[in-house]
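# A closer look at the structure
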Amino acid sequence: MQAGCPHCGHVQTISEDSFSGREVVQVACSSCGKEFQIWNSGLGPLDADTTRHAVESITSEITDDGRTLHLPAGKTVSIRVLQGEDKGTVYPVLKPRVTLGRTNADIIVNDPLSSRIHCALEFTEDAVLLRDLGSTNGTLVDEHPVHMAEIADGSTFQIGTHIFQLRIAPEGS
């Protein structure tokens, strides 16, 4: 398995034997020497209900260019990994601007083809905007590179080898 260091972004290979049946192991980055934890992906996909801690939701935000961002009222927003190393993982979206990338992002994408801060999803009153943030390998929608695209519930987008799906559902469903 490959693991990206959350401190410097270096990707290194970790032997499955390192786990010895354990769920989590502490490893030192072969580049910067800092320690970090990795989870045994062989134990099955992560379940968002048991692996994510509840945090207070931030429902609105104002961007640098003066736009007001809002999470949709009465809706639950999430991002599901359809393809890639983290397939099956569901990330709850708890604020109106969420970044995805290899490090220093709200949602960490364990993919060497992902930039450190690769793209952002921004929720406005009437749209969801997907913005590429100057990534090296681009952000794809319908297999085409985009700088900015409007997406909706069920839309998919790609970062490196990972394909994500935006889900917007009524609360409680």
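Predicted model, so just to flag it, every value in this text is computed and none were measured.

### As for the overall build of the chain
In terms of helices and strands, the chain carries one helix and 17 strands. Residue burial in the chain is summarised as follows: out of 173 residues, 37% are buried. Partitioning the intrachain contacts of the chain with sequence separation of at least 6 by distance along the chain shows that 42% fall at a separation of at least 24. A total accessible area of about 9,800 Å² is found for the chain, and carbon and sulfur atoms account for 49% of it.

### Some remarks on unusual backbone geometry
Positive phi, normally seen in glycine, also occurs at Asp142, with a value near 55°. With respect to the helices, strands and loops of the structure, Asp142 is situated in the loop between strand 13 (139-141) and strand 14 (144-146). Backbone geometry places Glu143, a non-glycine residue, at a positive phi of 65°. You can see Glu143 is positioned in the loop between strand 13 and strand 14.

### Regarding the pattern of salt bridges
By the definition in use, this model includes four salt bridges. Note that Arg131 and Glu122 form a salt bridge whose closest N and O atoms lie 2.7 Å from each other. For Glu122, a relative accessible area of 3% corresponds to the buried category. Of the charged contacts, one joins Asp153 and Arg167 as a salt bridge, the two residues approaching to 3.6 Å between their closest N and O atoms. Here Asp153 is found in the loop between strand 15 (148-151) and strand 16 (156-159), whereas its partner Arg167 is found in strand 17 (residues 162-170), with 14 residues between them in sequence. With relative accessibility at 34%, the residue Arg167 sits in the partly exposed group. Residues joined by salt bridges that share partners form a network here, namely Arg97, Glu122 and Arg131.

### A look at the side chain of Thr139
You can see Thr139 is positioned in strand 13. A distance of 2.6 Å separates polar atoms of two side chains, one belonging to Thr139 and the other to Asp132. Apart from the residues lying within four places of it in its own chain, the contact partners of Thr139 are His118, Cys119, Leu130, Asp132, His144, Pro145, Val146 and Gln158.

### Focus: the nonpolar core
Leu100, Leu121, Phe123, Phe157 and Phe164 are the most contacted members of the largest nonpolar core, which totals 23 residues. Of all the elements in the fold, those that place two or more residues in this core are strand 7 (75-83), strand 8 (90-93), strand 9 (97-101), strand 11 (119-123), strand 12 (128-132), strand 15, strand 16 and strand 17. When sequence neighbours within four positions are dropped, the list of residues in contact with Phe164 reads Ile79, Arg80, Val81, Leu100, Val109, Ser155, Thr156, Phe157 and Ile159. Judged by nonpolar contacts, the second largest core, of nine residues, contains Ala3, Ile14, Val25 and Val27.

### Quick word on the side chain of Ser135
With respect to the secondary-structure elements, Ser135 resides in the loop between strand 12 and strand 13. With relative accessibility at 12%, the residue Ser135 sits in the buried group. Within the local environment of Ser135, its side chain forms a polar contact with the side chain of Asp132, the two groups lying 2.5 Å apart. Looking at Ser135, its side chain comes within polar contact range of the main-chain nitrogen of Gly138, at 3.0 Å. The residues contacting Ser135, other than those within four sequence positions of it, are Ser115 and His118.

### Brief notes about the packing of aromatic side chains
This structure, assessed with the given rule, holds one aromatic pair. Taking 5.4 Å as the distance between ring centres and 20° as the angle between the ring planes, the aromatic pair formed by Phe157 and Phe164 counts as stacked. Across the pair, Phe164 and Phe157 agree in class, each one buried.

What counts, and where the lines are drawn
Residues numbered from 1 in each chain as written. Predicted model: local features only at pLDDT ≥ 70, side-chain atom pairs only at ≥ 80, totals over all residues. Heavy atoms only, no water. Helix = DSSP H or I, 4+ residues; strand = E, 2+ residues; numbered from the N terminus. Buried < 20%, exposed > 50% of the residue type's maximum accessible area, 1.4 Å probe, protein only. Contact = heavy atoms within 4.5 Å. Areas by Shrake-Rupley, 256 points an atom, 1.4 Å probe, with all protein chains shown as cover. Salt bridge = Lys/Arg side-chain N within 4 Å of Asp/Glu carboxyl O. Polar contact = N/O pair within 3.5 Å; in protein donor to acceptor, adjacent residues only side chain to side chain. Core = buried A, V, L, I, M, F, W, Y, C linked by side-chain atoms within 4.5 Å. Phe/Tyr/Trp six-rings, centres within 6.5 Å; stacked < 30°, edge-to-face > 60°.

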